[in-house]
Amino acid sequence: MTKPKTMRAMVLEQPGRPLKWLEVPIPQPGPEQVLIRVHACGVCRTDLHVVDGDLPHPKLPLILGHEIVGTVVETGSRVRQFQVGQRLGVPWLGYTDGTCRYCRRGQENLCDNPRFTGYTLDGGYAEYAVADQRYSFPLPPGYTDAEAAPLLCAGLIGYRSYRMAKEAGARLGIYGFGAAAHITIQIALFQGKQVYAFTRAGDTESQEFARRLGAVWAGSSDELPPEELDAAIIFAPVGPLIPAALRASAKGGVVVSGGIHMSDIPAFPYDILWGERVVRSVANLTRADGEEFLEIAPRVPVKTEVQTFPLEAANEALERLRHGQIQGAAVLVTEGKQ
Ligand SMILES: [Zn+2]
Ligand SMILES: [Zn+2]
């Protein structure tokens, strides 16, 4: 197969503006990198935060997208882990220095000098992408390219958030029932949890979706669940959900915020935190999280529900995500491959 010199990509030139459908050079893989033909790339809420300028200092111009599924077409000189023709997945964490105090104590997700796919590195809203072999994952068979894409962030970050919550007890609340939630609930049920799903007021469609996936209760985020929660995971980027989840939690309850950005958290009385309740965030992922999650997912088995869009419709996919009009996960697919 002869490789063309240029590719189509959806490019962010400036935050606050729509992505542009451009012809750009195909990137060259460095020694540790593979060049992949992108087949599918998930659309994550973090992409919206980058487009909106909520996250500072993105690479510009930038190709978004950090849930990339593709096939290797070329390997750098030091690549041993992947071969031409192999399918792989590229997540948000694209590089760490390996030497800072966080990396040295096994917290590479907190690295002082990280690079992130689709934010400080070009990502997968394109026909081709390069990725570092050390931060890419082989993908379990049994998932189409589009089905596998949401595993790489919605699945991974959901799983890391769930790990922080699961020891607290059996009753798990999930606030915001989108891509991450629809995967996390399947793992939680597999491990014997009861899941309570919270959505925007009046979003009966998402509540129905949660019940269909096995939630024992689904309601609006300003309601209290019928039982106190042992833990809650917040996937919606909405600060007032922190006190709401604390109010819904039992003593010793853990409230985990899984998003990279959130609106301000309003002041709240100490007594809703009292009783050894904990509030914490989850940042990024480690490669160990990825390996663990991709091993568990096919055993559950986690099934992803995806709504696909052609690559050039990325702006439409982002707007639908913004307005809560995606059930499950939005995924961009390149021509002829799903
Ligand atoms: Zn993401
Ligand atoms: Zn580091």
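Residues numbered from 1 in each chain as written. Chains lettered and ligands numbered in written order. Predicted model: local features only at pLDDT ≥ 70, side-chain atom pairs only at ≥ 80, totals over all residues. Heavy atoms only, no water.

Regarding the coordination of the zinc ion (ligand 1)
So the rule is basically this: Donor atoms are limited to N, O and S found within 2.8 Å of the metal ion, a distance that becomes 3.2 Å for Na, K and Ca. With water left out, some sites might look partial. We count a stretch as a helix when DSSP gives it H or I for four or more residues in a row; a strand needs E for two or more, and each element gets its number in order from the N terminus. Burial classes: relative accessible area under 20% of the type maximum marks a residue as buried, over 50% as exposed, and values in between as partly exposed (1.4 Å probe, protein chains only).
Summarising the metal site, the zinc ion (ligand 1) is bound by the protein donors Cys-44 (SG), His-66 (NE2) and Cys-153 (SG), whose distances to it range over 2.0 to 2.2 Å. Along the chain, the residues donating to the zinc ion (ligand 1) fall in the pattern C-x21-H-x86-C. With Cys-44 in the loop between β3 (33-43) and α1 (45-52) and His-66 in the loop between β4 (62-63) and β5 (68-75), the pair connects residues that are 22 residues apart, well separated along the chain. His-66 carries the same exposure label as Cys-44, and that label is buried.

Re helix α5 (residues 179-190)
Note the cut-off: Each helix should span, by expectation, one fewer than its residue count multiplied by 1.5 Å.
Given a rise of 1.5 Å per residue, twelve residues ought to cover 16 Å, and the 18 Å separating the end C-alpha atoms of α5 matches this to within 8%. For α5, every residue scored as buried is listed here: Ala-179, Ala-180, Ala-181, His-182, Ile-183, Thr-184, Ile-185, Gln-186, Ile-187 and Ala-188.

What about the pattern of salt bridges?
Should the charged atoms of two oppositely charged side chains come close, the side chains can pair. Put simply, the rule is: What makes a salt bridge here is a side-chain nitrogen of Lys or Arg within 4 Å of a carboxyl oxygen of Asp or Glu, nothing more.
According to the stated counting rule, one finds 16 salt bridges in the structure shown. A salt bridge links Arg-211 to Glu-208, with the shortest nitrogen-to-oxygen separation between them at 3.1 Å. Of this pair, Arg-211 and Glu-208 both sit in helix α6 (residues 204-212), three residues apart, roughly one helical turn.

Focus: the packing of helix α4 (residues 154-165) against α5
Threshold: Axes here refer to lines fitted to C-alpha atoms; in helices the fit is confined to the stretch in contact. Angles between the N-to-C directions go from 0 to 180 degrees. To sort the angles, those under 35 degrees are grouped as roughly parallel, those over 145 as roughly antiparallel, those from 65 to 115 as roughly perpendicular, and the leftovers as oblique. Crossings are sorted by hand: turned counterclockwise from the far helix by less than a right angle, the near helix makes the crossing left-handed, and turned clockwise it makes it right-handed. Contacts are assigned to residue pairs with any non-hydrogen atoms lying within 4.5 Å of each other. Lys, Arg, Asp and Glu make up the charged group, whereas Ala, Val, Leu, Ile, Met, Phe, Trp, Tyr, Cys and Pro make up the nonpolar group; the residues left over, Gly among them, are polar.
At a closest axis distance of 8 Å, the pairing of α4 and α5 adopts a crossing angle of 55 degrees. Regarding the angle of α4 to α5, the classification is oblique. In this structure, α4 crosses over α5, and the sense of that crossing is right-handed. On α5, the residues touching Ala-154, Gly-155, Gly-158, Tyr-159 and Tyr-162 of α4 are Ala-179, Ala-180, Ile-183, Thr-184, Ile-187 and Ala-188. Taken together, the residues of the contact of α4 with α5 sort by class into eight nonpolar, three polar and no charged.

Regarding the packing of α1 against helix α9 (residues 314-322)
Helices that pack against each other are described as a pair by the angle of their axes relative to one another and the distance between those axes. In the contact formed by α1 and α9, the axes pass within 10 Å of each other and the chain directions differ by 105 degrees. The angle between the axes of α1 and α9 places the two elements in the roughly perpendicular class. In contact with Arg-45, Asp-47, Leu-48, Val-51 and Asp-52 of α1, α9 contributes Leu-318, Leu-321 and Arg-322. Of the residues in the contact of α1 with α9, the class split is four nonpolar, no polar and four charged.

Some remarks on the coordination of the zinc ion (ligand 2)
Inclusion rule: Only four donors with every angle between 85 and 135 degrees are called tetrahedral; only four or six donors with opposite donors over 155 degrees apart and all others between 65 and 115 are called square planar or octahedral, in that order; all others are irregular.
Coordination of the zinc ion (ligand 2) by the protein involves Asp-97 (OD), Cys-100 (SG), Cys-103 (SG) and Cys-111 (SG), with metal-donor separations of 2.0 to 2.3 Å. Seen from the zinc ion (ligand 2), its four donor atoms lie at angles of 97 to 119 degrees, and the figure they make is tetrahedral. Sequence positions of the residues that donate to the zinc ion (ligand 2) give the spacing D-x2-C-x2-C-x7-C. Residues Cys-100 and Cys-103 agree in their burial class; the two are buried.

Things to note about the packing of aromatic side chains
As a reminder, the rule being used: Stacked, tilted and edge-to-face are the three classes applied to pairs of Phe, Tyr and Trp rings, where Trp contributes its six-membered ring and a pair requires centres within 6.5 Å; stacked means planes under 30 degrees apart, edge-to-face means over 60, and tilted covers the rest. Ring-over charges, as used throughout, are those where CZ of Arg or NZ of Lys falls within 6 Å of the ring centre and within 35 degrees of the ring normal.
Within this structure, the stated rule accounts for nine aromatic pairs. Seen in terms of ring centroids, Phe-177 and Phe-209 are 5.9 Å apart; in terms of plane orientation they differ by 85 degrees. Their pairing is edge-to-face. Linking Phe-177 in the loop between β11 (171-175) and α5 with Phe-209 in helix α6, this pair joins segments that are 32 residues apart in sequence. The two residues Phe-177 and Phe-209 agree in class, both being buried. Here the aromatic rings of Tyr-270 and Trp-274 are separated by 6.2 Å at their centres, their planes lie at 50 degrees, and the arrangement is tilted. The burial state of Tyr-270 is the same as that of Trp-274; both residues are exposed. An aromatic cluster of at least three residues, connected via ring pairs, comprises Trp-92, Phe-116 and Tyr-119. Lying across the ring of Tyr-128, Arg-37 places its NZ or CZ 5.3 Å from the centre. Residue placement shows Arg-101 over the ring face of Tyr-102; its charged tip is 5.3 Å from the ring centre.

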